Protein chains: 2
Amino acid sequence: MKKAPTGILPILSVDRRSPLPLYRQIYEGYREAIVDRRLRAGERLPSTRSLATELGISRIPILGAFEQLLAEGYFESRVGAGTFVAHSLPDEAPLPDARSTSRSTAGRPGRRVLSEASAVLGDGITPEPWHGGWGAFRVSQPAVDHFPFQVWSALLARHSRNPTRSLLTYGDPMGHRPFREALAAYLRTSRAVRCEAEQIMVVSGSQQALELSARVLLDSRSPVWVEEPGYAGAKDVLTLAGARMVPVPVDDEGLDVSAGIERCPNARAVYVTPSHQYPLGGTLSASRRLQLLDWAQRSGAWILEDDYDSEYRYESLPVSALQGLDRDSRVIYIGTFSKVLFPALRIGYMVLPADLVPRFVRVRDAMDIFPPTLFQAALTDFLTEGHFARHLRKMRQLYRERRTTLVESLSKELGDTVRVLGAQAGMHLVAELPKRLRDRPLSERAAKEGIWAMPLSACYLEEASRQGLVLGYGGTEAARIPEAVRRLRKAFRTG
Amino acid sequence: MKKAPTGILPILSVDRRSPLPLYRQIYEGYREAIVDRRLRAGERLPSTRSLATELGISRIPILGAFEQLLAEGYFESRVGAGTFVAHSLPDEAPLPDARSTSRSTAGRPGRRVLSEASAVLGDGITPEPWHGGWGAFRVSQPAVDHFPFQVWSALLARHSRNPTRSLLTYGDPMGHRPFREALAAYLRTSRAVRCEAEQIMVVSGSQQALELSARVLLDSRSPVWVEEPGYAGAKDVLTLAGARMVPVPVDDEGLDVSAGIERCPNARAVYVTPSHQYPLGGTLSASRRLQLLDWAQRSGAWILEDDYDSEYRYESLPVSALQGLDRDSRVIYIGTFSKVLFPALRIGYMVLPADLVPRFVRVRDAMDIFPPTLFQAALTDFLTEGHFARHLRKMRQLYRERRTTLVESLSKELGDTVRVLGAQAGMHLVAELPKRLRDRPLSERAAKEGIWAMPLSACYLEEASRQGLVLGYGGTEAARIPEAVRRLRKAFRTG
């Protein structure tokens, strides 16, 4: 159903000095707005009383105009509901298209030049052939239905009913101070990030964090190491910023730092997911961490650490953030609430090296000034009153169950055909395929069964050295998983 | 007061195979976290019961560790409140600085290379000398205390207590569909914008709208006409994007299009405020509008129309948007709720030429995916249920009163010394000074009186051809205005 704003005054040019009587001016103003399709069928009109007030004229000419518009079928009135634009226009009304042509300015259409930078990603978002369904097994989809909305709603109400002035006016480009205090304490405690509130910048998620980082740290054609396979969203935003992607292979210890140094020793930055490699799910080993920090310090490279779902580990305690080991302030630490709370919240954060704060502040101020305050105020309470810790515990239990069910179902239905990788953490795993099988056709057949099974090869920039399916279980109820895996098996059979 | 998250589990490495007993591992883990300042004085610790569950061990070793930490003064317990990190650390705890030095990796600090593009704006946000107070007469500060928060809070609760799935998961990069429908109807009716919901992209405000436009439309060093004097925020974001600013003078008819053509006939784009020129307050005349559209069509230039506070006109009805006259789809129409509702909301919008939608979608998806959904859902109802129209009427009345008081006070206190410009619309006016007076020293003296009076010359890129004070009255109660103007007069006297 189309929703139209109520009681909004249309553009009417009412001129007392005009020889045309006022009622005629109002009549023609409305008629033109309707014929022009600025006013649409079913839209409610303001009352004649409020219109008279707005226009600063008496009600008499307005009543006259409305009567005529009703008589000619442009308006219709419903008893007790008011006056509306008619659902069918009178016959004599010219067609909008004809009219718009007759009005167009002379001359050929002008050139349409777009930026070169924006062309690199192409136009629009093409649905991938494996987008076959929702839930089983879409990646990065949390169990949003388990979020404590009663609590959340109460916290929003607490801050929106009688807001303090600081919740309403222009805010700090770094974010709401109490929220940054709470976040800093959380990150120090739970992620071993070394930080103060002064270093925390609140953003809309990891995409904006990378966008800002690229603006501050990268020049056009700056080489950036990205994990191969890796996260497409990160590669998109860095590519858009003009950076040159340098794929660096990932093995069981995570990013192969030596291979990166060999391939591009002078990269300006590296994008890395040390706690939970996307998509393979491994953890960057301790020796690789030190090697990466050492290379970065020597070469002057920046490290973009995306700690995207480090909160969920099922077989051990969370691993510390890479940032906590950095003694040269080279790490930009990035986190988001999209996965642990819900994506539509659009709140993420970055921990900046202290000396970079002023530059990031200036760039953020120019780009979108500051983040919305209400969500930050409510999230502060959500963290400090224990709701966040409770939610994490509950979700860890839930995801552990979903993961176990998925691993068992894969083993039961597909046996040795697939090898499960990265099931010890996060909200997805990889079912690696034997060399002889190709993942893309399999994904496409799975999509026909209603199963969203992203091919691992889609995460590579160069030729994929591994084939597999990336299966998200965060948004799929455990009870539905066995049936979903049976359907997935069909895709294997028909192959 | 510092707020810390409650019940968050710190990074503890508990290893059953270690020769160190479990209680000792826990004790040392906490001690290290406190000495490292990852845990801070006063932070609450999880209960021993929930810690045992998280770690998957019995409570006995945890109780032992907690007892020792309490005995040694690292923890303190408060009856009925739980256990906390102690406010003063025991004597033998090494200093954090000493420790962090001893741990640092070898080697000299690495190079710190930032992007050239981000250097153009400098670092941080330097407070200007005229930032002398809040309210009287800060520009762009709406009367946030008059916003109907009871209504708003109820609408938020309606959508946040039992949200539909679409309000939680990843959304459309263009924005929430029902909101875009409502916005399109509002813009057609009230601003004579020719648009469909498909063309509307929801953003965080006019800064993000310009940032996205720059990304899609401008290349490095693309020349862009900007109004002289004009809006600094727009110049900042366009400059950051690498565009070259071409100042084009503004006269009583608005942007001097002929002067622009003479100065730079092949500009890639023009930033313009046709309804209410910032800061002089004039309206772009009809003939200039046609001239601008004609030039843009012939040269292939894009028009960035910022319609920032067009809702408020006091002596005539609102003027139509330039976009409605455009027959070559050259206008990117930009609006925001920051001024008509409140800035901390962070919701604005753009109306895109239909053929540019796919490119904008791709760029927005890479930059921050999509805007927060809850505010859009609540705003849909705010528009369609008539609250918005009511709020606009109320505010128009309020601002008219504030404006009249300010004009009268200026006339009374300063007489012919200043000439008032742009008082017929918006939330600010310009008090133009005679040639012999300089606005900057006046602004600085006003700041010492607690008055925020932005110098008009700050809005120029080149040498200012006019001197004046830009006085915002949106956020200043009428009753306070006469006294504020009396204080402003003191700045004139001491000059």
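Residues numbered from 1 in each chain as written. Chains lettered and ligands numbered in written order. Predicted model: local features only at pLDDT ≥ 70, side-chain atom pairs only at ≥ 80, totals over all residues. Heavy atoms only, no water.

A. Highlighting the overall build of chain A. Check the secondary structure of chain A and you find 16 helices and 14 strands. Reported as C-alpha extents along the three principal axes, the dimensions of chain A are approximately 85 × 55 × 55 Å. Residue burial in chain A is summarised as follows: out of 495 residues, 61% are buried. Across chain A, contacts joining residues at least 24 apart in sequence account for 72% of those joining residues at least 6 apart. Of the roughly 18,700 Å² of accessible surface on chain A, a fraction of 50% belongs to carbon and sulfur atoms. For chain A, the distance from the average position of its 66 positive side-chain charges to the average position of its 56 negative side-chain charges is 3 Å. (Helix = DSSP H or I, 4+ residues; strand = E, 2+ residues; numbered from the N terminus. Buried < 20%, exposed > 50% of the residue type's maximum accessible area, 1.4 Å probe, protein only. Contact = heavy atoms within 4.5 Å. Areas by Shrake-Rupley, 256 points an atom, 1.4 Å probe, with all protein chains shown as cover. Lys, Arg positive; Asp, Glu negative; His and termini not counted. Charge placed at Lys NZ, Arg CZ, Asp CG, Glu CD.)

B. A look at the interface of chain A and chain B. Each side of the interface is counted separately: chain A has 137 residues, and chain B has 137 residues. For the pairing of chain A and chain B, the buried interface totals around 11,900 Å² over both sides, and the portion due to carbon and sulfur atoms is 54%. For the interface between chain A and chain B, the tally reads 17 salt bridges. Among the ionic pairs, Arg40(B) bridges to Glu196(A), the shortest N-O distance being 2.7 Å. Put simply, chain A and chain B have 56 residue pairs in polar contact (both at pLDDT 80 or more) between them. (Buried area = accessible area lost by both parts, 1.4 Å probe. Salt bridge = Lys/Arg side-chain N within 4 Å of Asp/Glu carboxyl O. Polar contact = N/O pair within 3.5 Å; in protein donor to acceptor, adjacent residues only side chain to side chain.)

C. Geometry of the sheet that holds strand β11 (residues 419–421) of chain A. Residues and elements named next belong to chain A. The antiparallel open sheet is built from four strands, whose spatial order is β11-β12-β14-β13. With partners counted over all chains shown, the strands left at the sheet margins are β11 and β13 (454–455), one partner each. Sheet analysis places β13 next to strand β14 (residues 468–472), joined by two bridges and oriented antiparallel. Of the residues in β14, the one forming a bridge with Pro 455 is Leu 469. Where helix α14 (residues 387–414) meets the sheet, it contacts β11, β12 (428–432) and β14, and its direction lies at approximately 15° from that of β12. (Pairing = 2+ DSSP bridges. Axes fitted to C-alpha atoms, helices over the stretch in contact; angles between N-to-C directions.)

D. Inspection of the packing of aromatic side chains at higher detail. Counted by the stated rule, this structure contains 43 aromatic pairs over all chains. Each ring, one from Phe147(B) and one from Phe382(B), has its centre 5.6 Å from the other, and the planes form 25°; the classification is stacked. Of this pair, Phe147(B) sits in the loop between α5 (116–119) and α6 (149–160) while Phe382(B) sits in helix α13 (residues 373–384), placing them 235 residues apart in sequence. Sitting over the ring of Trp302(A), Arg330(A) keeps its end group 5.0 Å from the ring centre. Across the ring face of Phe84(B), the terminal group of Arg78(B) is positioned such that the distance to the ring centre comes to 3.8 Å. (Phe/Tyr/Trp six-rings, centres within 6.5 Å; stacked < 30°, edge-to-face > 60°. Lys NZ or Arg CZ within 6 Å of the ring centre and 35° of its normal.)

E. Structural detail: the side chain of His387(B). Residues and elements named next belong to chain B. Within the fold, His 387 resides in helix α14 (residues 387–414). Only 3.2 Å separates the side chain of His 387 from the side chain of Arg 390, close enough to count as a polar contact. With residues up to four places along the chain from it excluded, the contact list for His 387 reads Val 151, Leu 155, Asp 381 and Phe 382.

F. Looking closely at α6(B). The end-to-end C-alpha separation of α6(B) is 16 Å, in line with the 16 Å expected for twelve residues at 1.5 Å each. Within the sequence span of α6(B), burial applies to Phe149(B), Trp152(B), Ser153(B), Leu155(B), Leu156(B), Ala157(B), His159(B) and Ser160(B). Where the residues of α6(B) are buried, they touch α6 (149–160) and α13 (373–384) of chain A together with α13 and α14 of chain B. (Expected span 1.5 Å × (residues − 1).)

G. Representation of the domain arrangement of chain A within the structure. You can read the domains of chain A as domain 1 (1–94), domain 2 (129–136 + 390–493) and domain 3 (161–388). Here the C-alpha centroids of domain 1 of chain A and domain 2 of chain A sit 58 Å apart. (Domains from an automatic or database assignment.)

H. Summary view of the side chain of Thr380(A). Topologically, Thr380(A) is positioned in helix α13. Thr380(A) gets classed as buried once you look at its relative accessible area, which sits at 2%.

I. Examining the relation of the copies chain A and chain B more closely. Between chain A and chain B, which share one sequence, the superposing operator has a rotation angle of 180° and an axial displacement of 0.1 Å; the RMSD is 0.1 Å. On the angle and the small slide along the axis, the relation comes out as a two-fold axis. Among all residues of chain A, the minimum C-alpha distance to the rotation axis is found for Ala157(A), at 3.4 Å. Counting the interface residues of chain A, we find that 99% of their copies in chain B are interface residues as well, pointing to one common contact surface. (Least-squares fit on C-alpha atoms with pLDDT ≥ 70 in both.)

J. Just the sheet that holds strand β4 (residues 223–228) of chain B, in detail. All names here are of chain B. With mixed pairing, the eight strands of this open sheet are ordered in space as β3-β10-β9-β8-β7-β4-β5-β6. Every other strand in the sheet has two partners, leaving β3 (200–203) and β6 (254–255) as the edge strands with one partner each. With four bridges joining them, strand β7 (residues 269–272) and strand β8 (residues 302–306) adopt parallel strand pairing. Residue pairing for β8: Val 272 is matched across the bridge by Glu 305.

K. Representation of the confidence of the model for chain A. Residue and element names in this part refer to chain A. For chain A, per-residue confidence averages 90 on the pLDDT scale, and residues scoring 70 or more make up 95% of the total. Here residues 95–105 is modelled with pLDDT under 50, and outside its nearest four sequence neighbours on either side it reaches 14 contacts, counting other chains as well. Two numbers describe this predicted complex: its pTM, 0.91, and its ipTM, 0.91. (pLDDT = per-residue confidence, 0-100.)

L. Inspection of the pattern of salt bridges at higher detail. Residue and element names in this part refer to chain A. On inspection of all chains with the given rule, the structure shows 66 salt bridges over all chains. For the salt bridge of Arg 486 with Glu 413, the shortest nitrogen-to-oxygen distance reads 3.9 Å. Within this pair, whereas Arg 486 is found in helix α16 (residues 481–493), its partner Glu 413 is found in helix α14, the two being separated by 73 residues in sequence. Since its relative accessible area comes to 33%, Arg 486 is described here as partly exposed. Overall, Glu 413 belongs to the buried group, its relative accessible area being 13%. Salt bridges sharing partners connect three or more residues here, namely Glu 413, Glu 483, Arg 486, Arg 487 and Arg 489.

M. Inspection of the pairing of β14(A) at higher detail. All names here are of chain A. The buried fraction of β14 is high, at five of five residues. Burial of β14 is two-sided: the residues Gly 468, Val 470 and Gly 472 facing one way and the residues Leu 469 and Leu 471 facing the other way are all buried. Bridging between β12 and β14 involves five bridges; their strand directions are antiparallel. Along β14, the bridge assignment pairs Ala 431 with Leu 469.

N. Geometry of the packing of α14(B) against helix α16 (residues 481–493) of chain B. All names here are of chain B. The N-to-C vectors of α14 and α16 enclose an angle of 35°; their axes lie 9 Å apart at closest approach. As for how α14 packs across α16, the hand of that crossing is right-handed. Across the interface between the two elements, Arg 402, Thr 405, Leu 406, Ser 409, Leu 410, Glu 413 and Leu 414 of α14 pack against Ile 481, Pro 482, Val 485, Arg 486, Leu 488, Arg 489 and Phe 492 of α16. (Left-handed = near helix turned anticlockwise from the far one by under 90°.)

O. Up close: the pairing of β8(B). All names here are of chain B. Among the five residues of β8, five are classified as buried, and the element is accordingly described as predominantly covered. Taken together, β7, helix α11 (residues 286–299) and β8 form a β-α-β motif whose crossover is right-handed. Relative to strand β9 (residues 331–336), β8 runs parallel, the two being bridged by four bridges. Looking at the pairing, Ile 303 lines up with Val 331 of β9. (Right-handed = clockwise from strand over helix to strand, strands pointing away.)

P. A look at the packing of helix α8 (residues 206–217) of chain B against helix α9 (residues 232–240) of chain B. All names here are of chain B. Running from amino to carboxyl end, α8 crosses α9 at an angle of 35°, the nearest separation of the two axes being 9 Å. Between α8 and α9 lies a crossing of right-handed hand. Across the interface between the two elements, Gln 207, Leu 210, Glu 211 and Ala 214 from α8 touch Gly 233, Ala 234, Val 237 and Leu 238 from α9. Of the residues assigned to the contact of α8 with α9, the class counts are five nonpolar, two polar and one charged. (Nonpolar A, V, L, I, M, F, W, Y, C, P; charged D, E, K, R; others polar.)

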